[in-house]
Amino acid sequence: MFKTPLRLPLGPVVTYNPATNPPPFAGIRMAQASAPTILVLNGPNLNLLGTREPETYGHATLADVEKLCAETASQFGMTADCRQSNREGELIDFIHEARVKKMAGIIINAGGYSHTSIALHDALVGVNIPTVEVHISNIHARESFRHHSFTAMAAFASLCGFGIDGYRLAINGLAAKLGIPAKS
Ligand code: CA2
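**Q** I tried to follow the site of the ligand on my own but got confused; where do I start?
**A** Of all residues adjacent to the ligand, which total 16 residues, the nearest are Asn 109, His 115, Ile 136, Ser 137 and Arg 146. Interatomic distance of 2.8 Å between a side-chain N/O atom of Asn 109 and an oxygen atom of the ligand. Here His 135 contributes a side-chain N or O atom positioned 2.8 Å from an oxygen atom of the ligand. Burial of the ligand by the protein amounts to 95% of the accessible area it has alone, namely 500 Å². Comparing atom positions with the cavity grids shows the ligand to sit within the largest pocket. Per-class residue counts for the shell around the ligand are 6 nonpolar, 7 polar and 3 charged.

As structure tokens, this is what we get:
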């Protein structure tokens, strides 16, 4: 039976040798891909980490969490943009900003708003950025009002009970989801 021959593209094929950077075209520079940025968002009262309730949240401070996130992100060639707010609307603004800035992913611990905020859920769904929810404590082993999370419903994965190591695990999972390998 006659088969249509496989056709190669007819247009010019241009190859670019990175060794000749900048490329030898007058006035033309190849676009440099910038490091993917992830938003690490912490919600209400998480600025108090390390100051009270160590039996539940450990001794690490928010600064420790943000340092851990920056270090973990850099292992994948990513940048962590860490924000914390005690205000629901400001958290929503940060999520919207992530879309404007074309951020690659979001790690969110919305604190108490996880269990109450349909608005935060809607913001996460609205920006359509791969999101991992983190809780330092095991919310399912605590009061029943912490068992449901609106932000978890908008995330592709949720982690709880690992202490602040949950942020490191979440960034690893997010990088895998994005297909970004660890740097050697
Ligand atoms: O386990 C988590 O990460 C939580 O998101 C923490 C929230 C809580 O409302 C969630 O149910 C679970 C509370 C954060 C409060 O953090 C504090 C830390 C030290 C001292 C006081 C509060």
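**Q** How do you make sense of the confidence of the model for the chain when you look at a structure like this?
**A** Low pLDDT marks stretches whose predicted atomic positions should not be read closely. On average, residues of the chain score 89 in pLDDT, and 83% of them are at 70 or above. Confidence drops under pLDDT 50 across residues 8–25; counting only partners more than four residues distant or on other chains, this segment forms 8 contacts.

**Q** So what exactly am I meant to see when it comes to the pairing of strand β1 (residues 37–42) here?
**A** With 5 of its 6 residues buried, β1 lies for the most part within the structure. In this sheet, strand β2 (residues 79–84) lies alongside β1 in parallel orientation, the contact comprising 6 bridges. Note on β2: the bridge partner recorded for Val 40 is Cys 82. Bridge count between β1 and strand β3 (residues 105–109): 5 bridges; the pairing is parallel. Its bridge partner being in β3, Val 40 is matched across the sheet by Ile 107.

**Q** Could you clarify how one ought to interpret helix α3 (residues 88–100) in this entry?
**A** Think of an α-helix as 3.6 residues a turn; residues three or four steps apart then line up on the same face. In this model, α3 (13 residues) spans 19 Å end to end at C-alpha, consistent with the 18 Å of a helix rising 1.5 Å per residue. Inspection of α3 places Leu 91, Ile 92, Phe 94, Ile 95 and Ala 98 among the buried residues, and these make up the whole buried set. Buried residues in α3, looked at end-on, bunch into an arc of 155 degrees, giving them a common side. Where the residues of α3 are buried, they touch β1, β2, β3 and α4 (118–127). Positioned one or two residues after α3, Lys 102 has a phi angle of 55 degrees, which is positive.

**Q** Got a minute to help me understand unusual backbone geometry in this structure?
**A** Negative phi values dominate among residues other than glycine, just as trans dominates among peptide bonds. Of note, Glu 53 is a non-glycine position whose phi angle comes to about 50 degrees, a positive value. Exposure remark for Glu 53: the relative accessible area of 36% places this residue in the partly exposed category. The phi angle at Lys 102 is positive, at roughly 55 degrees, despite the residue not being glycine. Looking at the secondary structure, you find Lys 102 in the loop between α3 and β3. By relative accessible area, which is 72% here, Lys 102 ends up exposed.

**Q** When you look at the sheet that holds strand β4 (residues 131–135) in this model, what are you seeing that I'm missing?
**A** Two modes of strand pairing occur in sheets, parallel and antiparallel, and in both the strands are linked by backbone hydrogen bonds. Taken in spatial order, the 5 strands of this open sheet run β2-β1-β3-β4-β5, and their pairing is parallel. Each edge of the sheet is formed by a strand with only one pairing partner; in this case those strands are β2 and β5 (157–160). Geometrically, the sheet is characterised by an average inter-axis angle of 20 degrees between neighbouring strands, direction not taken into account. With respect to the sheet, α3 is in contact with β1, β2 and β3, its orientation differing from that of β1 by roughly 175 degrees.

**Q** Help me understand the nonpolar core in this model?
**A** Soluble, globular proteins show a tendency: their nonpolar side chains are buried together. Residues Ile 38, Val 40, Cys 69, Met 78, Ile 107 and Tyr 167 are the most contacted members of the largest nonpolar core, which totals 20 residues. Breaking this core down by element, the ones donating at least two residues are β1, α2 (62–74), β4 and α6 (165–178). Considering each element in turn, this core owes the most residues, 5 residues, to α6. When neighbours within four sequence positions are excluded, Ile 38 is seen to be in contact with Ala 73, Met 78, Thr 79, Ala 80, Asp 81, Met 103, Gly 105, Ile 107, Ile 171 and Leu 174.

Parameters at a glance
Residues numbered from 1 in each chain as written. Predicted model: local features only at pLDDT ≥ 70, side-chain atom pairs only at ≥ 80, totals over all residues. Heavy atoms only, no water. Near = heavy atom within 4 Å. Polar contact = N/O pair within 3.5 Å; in protein donor to acceptor, adjacent residues only side chain to side chain. Areas by Shrake-Rupley, 256 points an atom, 1.4 Å probe, with all protein chains shown as cover. 1 Å grid on protein atoms, 1.4 Å probe; cavity = no way out; pocket = protein on both sides within 12 Å on 5 of 7 lines; lining within 4 Å. Sits in = over half its atoms within 2 Å of the grid points. Nonpolar A, V, L, I, M, F, W, Y, C, P; charged D, E, K, R; others polar. pLDDT = per-residue confidence, 0-100. Contact = heavy atoms within 4.5 Å. Buried < 20%, exposed > 50% of the residue type's maximum accessible area, 1.4 Å probe, protein only. Helix = DSSP H or I, 4+ residues; strand = E, 2+ residues; numbered from the N terminus. Pairing = 2+ DSSP bridges. Expected span 1.5 Å × (residues − 1). Arc of directions from axis to C-beta. Axes fitted to C-alpha atoms, helices over the stretch in contact; angles between N-to-C directions. Core = buried A, V, L, I, M, F, W, Y, C linked by side-chain atoms within 4.5 Å.

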